Amino acid sequence: MGYAHDYAAAIMQRGRVPMPPADFVPDWADGPRKTKFYPGADTTPLPVHTLPPGATVDRGLRPAAEGPERAFDLPALSGMLRDSYGLTGRRLGVQSNTDLDALPFHPLANWSRGTASGGGLYPVSIYWVSGPSGPLPPGVHYYATRHHAMQRLLTGDVSGEVRQALGGPVPAAPGEPAPADAGKPIPAVERALGTDQFLVLGVKYWQNAFKYNSFSFHAVTMDVGTVVQTWRTWAGAQGLSVEPLMWFDERRLARLLGIRTEEEGVFAVVPLRWRGAEARTAPPAGTAAVRRRDVERSRTVLAFDAVTRMQAATEEHAARRPPAGALAPAAAPVPVPGPGLPAVPLPAPPALDTDVRTALRNRRSSFGRFDARRPLGAGQLASCLAAAAAGASLGGDTGTDTTPIAGLYAFVGHTAGVAPGTYAYDAAAHTLRLLKPGPPGGFLQKNYFLANYNLEQTGAVLVPTVRTRAVLDAVGDRGYRIVNAVVGAIAQNVYTAASALGVGCGVALGFDNISYIEELGLERTGEAPLLIMMLGNERPAPADFRHEIA
């Protein structure tokens, strides 16, 4: 067993046994920026994108095959980045989160985004490696979220270096013999071999670790899933496709991007099918690498042993892509009703016909706003459960499309048409399996650490679970990244569906995992509850300020 087993166990126990350093206090005055800073880099503003008719949340969460797949162009890439990670507005509100006293001050402004992020920190770095078929000079670009622009970090075609890192054959340079594996693409990366346009996702650890220390690796791996799933939903609503690749030569890509993996891990590569000319193949870039360096705001940057060890453990065999079906031993168990406890059929989910851009821009956390006097509707619960199940299939080379690794449980408190109780969700049958009757509010509130939500007032609390240890046994320590990316994708889907329904939603990690294992009887299955997703109607007429900037 690798170190990821130990880290996963510490995460489950952290509600009872604090993770070191237990006495850590963030230095807020010396915190990092919420983005990387490359002074002097050439900046290209991105164009406006107009959403086509029919780009609804329903189509994005459950895309159907309707004709040939469309290809990206620069406006589409711009729209996807703006609606996912770009700044779209400023919000202030009277609510229950702990940062309320800071929000009125402009330097600490809470700028809204379409994608959720642990602690609102947004540590994912988005790079665009563009080859000759793209609209800009070939090179490596960084997406500057505050400017909604691309900053050029390197000029030259290095797309072949990305393909090589992904494990696909790369044409030989002129005058050199062809590699032995030429013409034998790996199925999972075959898409990548036909393009020279790639989005690369990194995570700069200090952007999250300055607040969450050792826990940060757990949080940021979910952030990767929220970003990728936002892209998958946004693209699917328009007949585009986003498929993440998470197995590749990580150190090779880090060298290309000019980063040290001890400081910034490389988590995913997303090949983009690009409109226009076919991709021109390129040899590996050799010694080409970004020379510009991010300028850190913090005077003191700390490293945390658990984060450093998890980065090392999950990058060690990063290029050894598991064979198809490798996750089969880690599949989520099928829910079975308890003796004498009935199955509860759910209504068909109502149509999520809100356009995907509106849903993402309206997404927010419901800090303390839930109101049990207005019960959640059974159809609303059904839609959010179905959206959660859809998010569990992350695509690409994650193996989660053929092997569902995520289970889903629901603590139902105030939902019209569904009796209060604890349930397991059977996605195939679209049915709730009753595990324990009775209102769950007392248990939920007792085992929540923070003061920003009253869980008893929610309509329902959804809990995704994964047999984390079984995943690690099946595919190694890098599987931890897939586990948490799937859970992050589930959370993003629930947020998006709730927004489309006009339902309040909040996601939290501050709960006693062991108590949930005991309450749900997960000891026998080895499932780990990794976050909680709260749903419900909110109190009317909130005291909010909202200013759109995009």
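Quick look at the structure, then. (Residues numbered from 1 in each chain as written. Predicted model: local features only at pLDDT ≥ 70, side-chain atom pairs only at ≥ 80, totals over all residues. Heavy atoms only, no water.)

A word on the environment of W111. Its location among the elements puts W111 in strand β3 (residues 111–112). The partly exposed category is assigned to W111, whose relative accessible area is 27%. Taking the C-alpha atoms as reference points, W111 and H547, separated by 436 residues in sequence, lie 9.5 Å from one another. (Helix = DSSP H or I, 4+ residues; strand = E, 2+ residues; numbered from the N terminus. Buried < 20%, exposed > 50% of the residue type's maximum accessible area, 1.4 Å probe, protein only.)

Where burial is concerned, most of helix α3 (residues 74–84) is hidden: nine out of the eleven residues are buried. Looking at α3, one finds that the buried residues are L74, A76, L77, S78, G79, M80, L81, D83 and S84. Lining the buried residues of α3 we find β4 (124–130), β5 (139–144), β6 (149–155), β7 (197–204), α7 (216–236) and α10 (356–362). N-cap assignment for α3: the residue whose side-chain oxygen lies 3.0 Å from the backbone N of A76 is D73. (Contact = heavy atoms within 4.5 Å. Polar contact = N/O pair within 3.5 Å; in protein donor to acceptor, adjacent residues only side chain to side chain.)

The subject of this paragraph is α7. Across its 21 residues, α7 extends 30 Å between first and last C-alpha, which sits within 8% of the 30 Å expected from 1.5 Å per residue. In terms of burial, α7 is largely enclosed, as 21 of its 21 residues are buried. (Expected span 1.5 Å × (residues − 1).)

Our next topic: the sheet that holds strand β19 (residues 544–548). Pairing between sheet strands relies on hydrogen bonds along the backbone, with the strands arranged either parallel or antiparallel. Reading across from one edge, β3-β2-β19 is the order of the three strands in this open sheet, with antiparallel pairing throughout. Only two strands of the sheet have a single partner each, and these edge strands are β3 and β19. Of the strand pairs in this sheet, strand β2 (residues 89–93) and β3 are connected by two bridges, and their pairing is antiparallel. Its bridge partner being in β3, G89 is matched across the sheet by S112. (Pairing = 2+ DSSP bridges.)

As a further point, take the packing of aromatic side chains. Here the structure, examined in full by the defined rule, presents 22 aromatic pairs. Grouped by ring-pair contacts, the aromatic residues Y3, Y7, Y205, F217, F267 and Y480 constitute a single cluster. In this structure, R363 packs its charged tip against the face of Y495, placed 4.8 Å from the ring centre. Positioned over the ring face of F267 is R481, at 4.0 Å from the centre of the ring. (Phe/Tyr/Trp six-rings, centres within 6.5 Å; stacked < 30°, edge-to-face > 60°. Lys NZ or Arg CZ within 6 Å of the ring centre and 35° of its normal.)

A word on the environment of G79. One can find G79 in helix α3. Note: C-alpha distance between G79 and H49 (30 residues apart in sequence) is 5.1 Å.

Close contact between helix α1 (residues 3–13) and helix α15 (residues 513–520) brings their axes to 6 Å; oriented N to C, the two are set at 85°. Here α1 lies roughly perpendicular to α15, going by the angle between them. Contacts from I11, M12 and Q13 in α1 reach N513, I514 and I517 in α15. (Axes fitted to C-alpha atoms, helices over the stretch in contact; angles between N-to-C directions. Parallel < 35°, antiparallel > 145°, perpendicular 65-115°, else oblique.)

Mapped onto the elements of the fold, T400 is located in the loop between α11 (378–391) and β11 (406–412). The exposure class of T400 is buried, given its relative accessible area of 1%. Engagement of the side chain of T400 in a polar contact is seen with the backbone nitrogen of L394, the distance being 2.8 Å. Separated by 2.8 Å, the side chains of T400 and T398 make a polar contact. Residue contacts for T400: discarding those within four places in its chain leaves L327, A392, S393, L394, G395, I405, I482 and V486.

The antiparallel open sheet is built from six strands, whose spatial order is β1-β6-β5-β4-β7-β8. The strands lining the two open edges of the sheet, one partner per strand, are β1 (43–45) and β8 (264–271). Across this sheet, the average inter-strand angle for adjacent strands is 30°, counted without regard to direction. As paired elements, β7 and β8 share seven bridges and run antiparallel to each other. Note that in β8 the partner of K204 across the bridge is E264.

Oppositely charged side chains are able to pair whenever their charged atoms sit close together. Applying the stated criterion across every chain yields a total of 26 salt bridges. The salt bridge involving K36 is made with E264; its shortest N-O contact spans 2.6 Å. Of this pair, K36 sits in the loop between α1 and β1 while E264 sits in strand β8, and the two are 228 residues apart along the sequence. By the burial criterion, K36 is buried, and E264 matches it. A salt bridge links R232 to E243; the nearest nitrogen and oxygen atoms lie 3.3 Å apart. Placement of R232 in helix α7 and of E243 in the loop between α7 and α8 (250–257) is noted, with a sequence separation of eleven residues between them. One network of salt bridges, with partners in common, ties together R251, R260, E262, E263 and E315. (Salt bridge = Lys/Arg side-chain N within 4 Å of Asp/Glu carboxyl O.)

The next subject is the environment of L46. Checked against the element boundaries, L46 lands in the loop between β1 and α2 (57–61). We classify L46 as buried; its relative accessible area is 10%. In this structure, the C-alpha to C-alpha distance between L46 and A235, residues 189 residues apart in sequence, is 18 Å. Residue contacts for L46: discarding those within four places in its chain leaves L74, S78, L81, Y143, H148, A149 and M150.

This paragraph deals with empty space enclosed by the protein. With the rule as written, the count across this model stands at one cavity of 30 Å³ or more. K34, T35, Y85, R113, Y122, P123, V124, S125, Y142, T145 and Q207 together form the lining of the largest cavity. By residue class, the composition of the lining of the largest cavity is five nonpolar, four polar and two charged. (1 Å grid on protein atoms, 1.4 Å probe; cavity = no way out; pocket = protein on both sides within 12 Å on 5 of 7 lines; lining within 4 Å. Points joined across faces, edges and corners; volume = space filled by probe spheres on them. Nonpolar A, V, L, I, M, F, W, Y, C, P; charged D, E, K, R; others polar.)

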